[in-house]
Amino acid sequence: MPLLSVGYGKDNFDALIERLAPFRISHLADVRTNPYSRYQTDFRGKEFEDAVNKSGIKYVFLGDRLGGKPSDPEVMTDGEIDWQKVRHSVWYVEALDKLVEAAENDKNRICLMCGCGMPGECHRGTKLCEYLLERGLDTLHILPNGETILQSELRLQWLSQPALF
């Protein structure tokens, strides 16, 4: 798999690194808009970046372009994020292009990371990895229990769930 994804959820730093170990990650791409956690002190700013780099994984911050809360007023509609506008914005498309290019390099083993443990509950799974799948790049999500699921399988689960109304 050229691209992986993980959310730290309730893990501490050591538990996250242990969960990532079998996948031989070379780069951890932080896609949180703000690289900070109110609740998980292990995942805050420069200290987190330094700890990731010290673990042998290169930390890369991409939340300014691929985060779930973009600050560009041009992608807002009635005060809400309009993901159709986000996905077609120049800065988002360029960031996706660079990510796809980096993921296709056999030397890279990139893992997207945010705070939400379950990919179907955050922008990482519902937006970002969906857009990557449309470009032909299927992401392997590492779940909190260590199991994995492909974005394409996650999409099939969503499509097979009956509507409530």
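Note that the structure is predicted; figures quoted are calculated from it, not measured.

## Here's the deal with the sheet that holds strand β1 (residues 3-7)
Taken in spatial order, the six strands line up as β3-β2-β6-β1-β7-β8 in an open sheet, and their pairing is mixed. Edge positions in the sheet fall to β3 (58-61) and β8 (148-150), since each has one partner strand and no second. In this sheet, adjacent strand axes meet at a mean angle of 25° when their direction is disregarded. Two strands pair when backbone bridges link them, and β1 and strand β7 (residues 140-142) are joined in this way by three bridges, in the parallel orientation. Within β7, the position partnered with Leu4 by the bridge is Leu140.

## Quick look at the side chain of Arg32
Assignment of secondary structure puts Arg32 in the loop between β2 (27-30) and α2 (45-54). We classify Arg32 as buried; its relative accessible area is 7%. Only 3.2 Å separates the side chain of Arg32 from the side chain of Tyr8, close enough to count as a polar contact. Polar side-chain contacts of Arg32 include one of 2.8 Å to the backbone oxygen of Phe43. Discounting chain neighbours no more than four positions away, the residues touching Arg32 are Tyr8, Ser37, Phe43, Phe48, Phe61, Gly63, Gly67, Met113, Cys114 and Gly115.

## Examining helix α5 (residues 90-103)
Since the α-helix turns once every 3.6 residues, residues separated by three or four places project in the same direction. Along its 14 residues, α5 runs 20 Å from first to last C-alpha, staying within 8% of the 20 Å computed at 1.5 Å per residue. If you check which residues of α5 are buried, you get Tyr92, Ala95, Leu96, Leu99, Val100 and Ala103. Buried residues along α5 cover an arc of 135° about the axis, so they all sit on one side. Facing away from the buried side of α5 by more than 90 degrees, the exposed set consists of Val90, Lys98 and Glu101. Those residues of α5 that are buried are in contact with β1, α3 (63-66), α4 (83-88), β6 (110-114) and α6 (123-134).

## Some thoughts on the environment of Trp91
Tracing the chain through its elements places Trp91 in helix α5. Through-space distance from the C-alpha of Trp91 to that of Ile110 is 20 Å; in sequence the pair is 19 residues apart. Aside from chain neighbours lying at most four places away, what touches Trp91 is Arg65, Pro70, Asp72, Val75 and Val86. A distance of 2.8 Å separates polar atoms of two side chains, one belonging to Trp91 and the other to Asp72.

What counts and how
- Residue numbers restart at each chain and count upward from 1, following the sequence in its written direction.
- Reporting of local features is limited, given that this is a predicted model, to residues whose pLDDT is at least 70; pairs of side-chain atoms are given and counted only at 80 or more, and all residues count toward the totals for whole chains, interfaces and linings.
- Computation of side-chain values covers all heavy atoms of the structure but excludes hydrogens and water.
- Two strands form a pair only when DSSP identifies at least two bridges running between them.
- In this description a helix means any DSSP run of H or I spanning at least four residues, a strand means any run of E spanning at least two, and both kinds are numbered starting from the N terminus.
- Interaxial angles span 0 to 180 degrees and are taken between N-to-C directions of axes, which are lines fitted to C-alpha atoms, for helices over the stretch in contact.
- Each residue gets one of three labels from its accessible area relative to the maximum for its type: buried under 20%, exposed over 50%, partly exposed in between, using a 1.4 Å probe on protein chains only.
- Under this definition, polar contacts are N or O atom pairs within 3.5 Å; protein pairs additionally need one hydrogen-donor-capable and one acceptor-capable atom, and for neighbouring residues in sequence, both atoms have to be side-chain atoms.
- We call two residues contacting when some pair of their heavy atoms lies within 4.5 Å.
- Expected span of a helix: the number of residues minus one, times 1.5 Å.
- Arc definition: directions from the helix axis to the C-beta atoms.

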